[in-house]
Amino acid sequence: MPQPKVKLVVTGDDFGYCQRRNQGIVDCFQAGAISNVSLLVNACSAKDAADLAKRHAMPIGLHANLSEGLPVCPNLRSGSTLLNDDGVFHGKMGFRKQLQNGQLSMAEVERELHAQVKLFCELTGHFPLHMDGHQHVHVLPEVRDVFAQVLSDYAVPYTRVPVEPGLQACPWLPPALRDFYMQVEKDAREAVGVFGRHGIRWPDVYLGLTTMGDSMSVTSIKRAIGHAMEAMPPGDAMVTRGGEAQAVGRPVTVELMVHPGYPSDPQQGGCGQGPDDFSQSLDRRHELETLMDPRLQDFYKQERIQLCAFRDL
């Protein structure tokens, strides 16, 4: 077979959120529509997800969560800077506000990340193959330094750097969401040096902000991959053959973040507070059906795009 032009890691995030999410992710994996999963260890159905990953030999990493639900570390479940007045994490924007105001303890962030890695190992029987942050908290100032050190401590080789080519050319995104994504990209660019100094790796290109929920379609995924190819065309890698160095084409490595599943039942799932609106919406099923669309599979074949896991990069 000819060498692929693109090695594409399609990561199903939020594995463990609820049993209906888990089943949708498994269905996608078995259909060859995703190739990698990211586990929320503090979610209601984390053990079920870990058991499914073992049964189906699904490559699995840790979706470290500091913003939704309850902490894993018992000593942080009261009196912690990571918790709001209701005794749960501050939320996607609340976490960022507390961080900006200097009201989060990085020592507590580190303790919680260590606890989540250890629980991941208990559930799966091995260290994470990759580790990223739920709602992209891992690239935030200060947090990224702690996060990189934890990855280094456990020799977790890969993370996610959410800088997406073509993001600025997406006028259909609501202004508030677009502003949030642009801030995520800014934080991610500033995290690159931190991750690099710790020897952590990531794919050449990240995709997923512009193809999330009802923005996902076969067309939007094709467009996003096209932007990836323009941003990072196949380069040359050097190999030694017969004692001589020769240049060979190197595939572009890409991660596509996705959130497939079946809509959560009310009051079933989540990370301790019940499922959110996105989880209960039809957007999850829409992503599942899009990813399993035969036209997308045909596109991968035609363009020599090989789905793989982080361990295959």
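This write-up is about the structure you can find in this document. (Residues numbered from 1 in each chain as written. Predicted model: local features only at pLDDT ≥ 70, side-chain atom pairs only at ≥ 80, totals over all residues. Heavy atoms only, no water.)

Right, let's talk about the overall build of the protein chain for a bit. If you tally the helices and strands in the protein chain, you get 10 helices and nine strands. Relative to a compact globule of 313 residues, whose C-alpha radius of gyration would be 20 Å, the protein chain shows 19 Å and is just as compact. Structurally, the protein chain occupies a C-alpha span of about 60 × 40 × 40 Å along its principal axes. For the protein chain, the residues scored as buried account for 55% of the 313 residues in total. Put simply, 75% of the contacts in the protein chain that link residues at least 6 apart link residues at least 24 apart. When the accessible surface of the protein chain is split by element, carbon and sulfur atoms take 49% of a total near 13500 Å². Within the protein chain, one finds 30 positive and 37 negative side-chain charges whose respective centroids are separated by 4 Å. (Helix = DSSP H or I, 4+ residues; strand = E, 2+ residues; numbered from the N terminus. Rg over C-alpha atoms; globule rule 2.2 N^0.38 Å. Buried < 20%, exposed > 50% of the residue type's maximum accessible area, 1.4 Å probe, protein only. Contact = heavy atoms within 4.5 Å. Areas by Shrake-Rupley, 256 points an atom, 1.4 Å probe, with all protein chains shown as cover. Lys, Arg positive; Asp, Glu negative; His and termini not counted. Charge placed at Lys NZ, Arg CZ, Asp CG, Glu CD.)

Moving on to the pattern of salt bridges. If you walk through the whole model with that rule in mind, you get 13 salt bridges. For Lys186, the salt bridge identified is with Glu190, shortest N-O distance 2.9 Å. With a gap of four residues between them, Lys186 and Glu190 both fall in helix H6 (residues 175-197), about one helical turn apart. The class of Lys186 is partly exposed, set by a relative accessible area of 44%. Exposure remark for Glu190: the relative accessible area of 38% places this residue in the partly exposed category. (Salt bridge = Lys/Arg side-chain N within 4 Å of Asp/Glu carboxyl O.)

In this model, helix H1 (residues 19-30) (12 residues) spans 16 Å end to end at C-alpha, consistent with the 16 Å of a helix rising 1.5 Å per residue. Restricting attention to buried positions, one finds in H1 the residues Arg21, Asn22, Gly24, Ile25, Val26, Cys28 and Phe29. At the C-terminal side of H1, Gly32 shows a positive phi close to 75 degrees. (Expected span 1.5 Å × (residues − 1).)

Attention now moves to the nonpolar core. By size, the foremost hydrophobic cluster in this structure holds 78 residues, and its most contacted members are Leu8, Phe15, Ile34, Leu39, Leu113, Met131 and Leu291. No other element matches helix H4 (residues 106-124), which puts eight residues into this core. Ignoring sequence-local partners within four residues, the contact set of Phe15 consists of Asn22, Ile25, Val26, Val37, Ser38, Leu39, Leu40, Ala49, Leu52, Ala53, Met58 and Ile60. Within the second largest apolar cluster, nine residues are counted, among which are Leu167, Cys170, Leu173 and Leu209. (Core = buried A, V, L, I, M, F, W, Y, C linked by side-chain atoms within 4.5 Å.)

Our focus in this paragraph is the packing of H4 against helix H5 (residues 143-153). For any two helices packed against each other, one specifies the crossing angle of their axes together with the interaxial distance. Put simply, H4 and H5 touch, their axes get as near as 10 Å, and they point 35 degrees apart. Between H4 and H5 lies a crossing of right-handed hand. Residues Met106, Val109, Glu110, Leu113, His114 and Val117 of H4 form the contact with H5, whose own contacting residues are Val143, Val146, Phe147, Val150 and Asp153. Of the residues that constitute the contact of H4 with H5, the class distribution is eight nonpolar, one polar and two charged. (Axes fitted to C-alpha atoms, helices over the stretch in contact; angles between N-to-C directions. Left-handed = near helix turned anticlockwise from the far one by under 90°. Nonpolar A, V, L, I, M, F, W, Y, C, P; charged D, E, K, R; others polar.)

Okay, the environment of Ala309 next. With respect to the helices and strands, Ala309 occurs in the segment after strand E9 (305-307). Here the alpha-carbon distance between Ala309 and Val9, two residues 300 residues apart in the chain, equals 5.3 Å. Other than its neighbours up to four places away in sequence, Ala309 contacts Val9, Ser35, Asn36 and Pro59.

With that out of the way, let us pick up the state of the cysteines. Applying the stated criterion across every chain yields a total of zero disulfides. Of the cysteine sulfurs around Cys73, a residue in no disulfide, the closest is that of Cys121, at 15 Å. (Disulfide = S-S within 2.5 Å.)

This part covers the packing of aromatic side chains. Inspection of the entire model under this criterion finds six aromatic pairs. Here Phe180 and Tyr181 contribute two aromatic rings whose centre-to-centre distance is 6.2 Å and whose plane-to-plane angle is 50 degrees, an arrangement assigned as tilted. Judged by its relative accessible area of 12%, Phe180 is buried. Looking at Tyr181, the relative accessible area reads 5%, which means it is buried. When the centroid spacing of 6.4 Å and the interplanar angle of 65 degrees are considered together, the rings of Phe195 and Trp202 count as edge-to-face. Classification of Phe195 by relative accessible area gives buried; the value is 0%. Given the relative accessible area of 26%, Trp202 is considered partly exposed. Following the ring pairs from residue to residue traces out a cluster consisting of Phe147, Phe195 and Trp202. (Phe/Tyr/Trp six-rings, centres within 6.5 Å; stacked < 30°, edge-to-face > 60°.)

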